[in-house]
Amino acid sequence: MTPFTLVWIHLIAAISWIGGTIFLSLVLAPSYRSLVSKPDAGVLFRTTAKRFRLVVWGAVALLLLTGPMLILSHGWSLFEPARWPSPLGIKLSLVAVLLLMTLAHDLVLGPRVREILAQMPDKRTAADRSILAAAAWLPRVALLLSLAVLFAAVVLVRS
């Protein structure tokens, strides 16, 4: 595969992940919160988020496949990160944190939020309310982090 093709696939995967996150965070979630009647909207939101999860993990797979290939195409060793340009190290560190946050959201926080939302609001504990607050903020922090990854990528290309 040519470096041009690798970059193109890498960018499409990154755009899919970041663009979808922007849509969910800045369009769908605020629209959902502004609705008075949420039963059907809740189903739509959960269905959309669940489908987007497939897009995210497909994009992650492509990024994890093409990323090392791009590193090698520049003549850098995968096993000598000390020799990488600093923007690459920063980018990959941010990506690692973003992946951990995404895993935590999908495997821990998301299922717990579903359990809490199934309870009557007056039965929720302070810990439950804290989890719901964290669940609202985690995607926003992930969005900022993904934009930082994108910035690091631009700095890497321009350096």
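Our subject is the structure that appears above.
J.: Please clarify how the packing of helix 1 (residues 3–34) against helix 2 (residues 39–73) should be interpreted in this entry.
T.: Each pair of packed helices can be described by the angle between their axes along with the distance between the axes. Following both chains from N to C, one finds helix 1 and helix 2 inclined at 155°, their axes separated by 8 Å at the closest point. Overall, the two elements helix 1 and helix 2 adopt an arrangement that is roughly antiparallel. Where helix 1 crosses over helix 2, the two elements pack in a sense that is left-handed.

J.: It is not clear to me how the packing of aromatic side chains should be interpreted in this structure. Could you clarify?
T.: Within a pair of aromatic rings, the relevant descriptors are the distance that separates the centres and the angle that separates the planes. In the structure shown here, the tally under the stated rule is one aromatic pair. The ring of Trp 137 has Arg 140 sitting right over it, with the charged end atom 4.6 Å from the ring centre.

J.: Explanation requested: the pattern of salt bridges in the structure shown.
T.: A pair can form between side chains of opposite charge whenever their charged atoms are brought close. Summed over all chains, the structure comprises four salt bridges. Here Arg 53 makes a salt bridge to Asp 106, at a shortest N to O gap of 3.7 Å. In this pair, Arg 53 sits in helix 2 while Asp 106 sits in helix 3 (residues 86–117), placing the two residues 53 residues apart along the sequence. For Arg 53, a relative accessible area of 28% puts it in the partly exposed group. Judged by its relative accessible area of 14%, Asp 106 falls in the buried class. One salt bridge connects Arg 112 with Glu 115, and the closest N-O pair in it is separated by 2.9 Å. Remark: Glu 115 and Arg 112 occur in helix 3; sequence separation between them is three residues, near one turn of the helix. One salt-bridge network, in which partners are shared between bridges, spans Arg 112, Glu 115 and Asp 128.

J.: Where do I start with the side chain of Thr 21 in this structure?
T.: Inspection of the secondary structure puts Thr 21 in helix 1. What Thr 21 contacts, discounting residues up to four positions off in sequence, is Phe 52, Pro 139 and Leu 143.

J.: What should I look at first to understand a nonpolar patch on the surface in this one?
T.: A cluster of nonpolar side chains, Ile 22, Phe 23, Leu 26, Val 27, Leu 144, Leu 147, Leu 150 and Val 154, forms an exposed patch at the surface whose accessible area comes to about 700 Å². At the level of secondary structure, the elements contributing two or more residues to the nonpolar patch comprise helix 1 and helix 4 (126–158).

J.: Can you help me understand helix 3 in this one?
T.: Since one α-helical turn is 3.6 residues long, residues separated by three or four positions face the same way. The end-to-end C-alpha distance of helix 3 is 43 Å, a good match for the 46 Å that 32 residues give at a rise of 1.5 Å each. Its maximal kink placed at His 105, helix 3 deviates by approximately 40°. Within helix 3, burial applies to Pro 87, Leu 88, Lys 91, Leu 98, Leu 99, Met 101, Thr 102, Asp 106, Leu 109, Gly 110, Val 113 and Ile 116. Structurally, helix 3 contributes buried residues whose contacts are with helix 1, helix 2 and helix 4.

The rules behind these values
Residues numbered from 1 in each chain as written. Predicted model: local features only at pLDDT ≥ 70, side-chain atom pairs only at ≥ 80, totals over all residues. Heavy atoms only, no water. Axes fitted to C-alpha atoms, helices over the stretch in contact; angles between N-to-C directions. Helix = DSSP H or I, 4+ residues; strand = E, 2+ residues; numbered from the N terminus. Parallel < 35°, antiparallel > 145°, perpendicular 65-115°, else oblique. Left-handed = near helix turned anticlockwise from the far one by under 90°. Phe/Tyr/Trp six-rings, centres within 6.5 Å; stacked < 30°, edge-to-face > 60°. Lys NZ or Arg CZ within 6 Å of the ring centre and 35° of its normal. Salt bridge = Lys/Arg side-chain N within 4 Å of Asp/Glu carboxyl O. Buried < 20%, exposed > 50% of the residue type's maximum accessible area, 1.4 Å probe, protein only. Contact = heavy atoms within 4.5 Å. Patch = residues over 30% accessible without salt bridge, like charges linked within 9 Å, V, L, I, M, F, W, Y side chains within 5 Å. Areas by Shrake-Rupley, 256 points an atom, 1.4 Å probe, with all protein chains shown as cover. Expected span 1.5 Å × (residues − 1). Bend = angle between axes of the 7 residues up to and from the residue.

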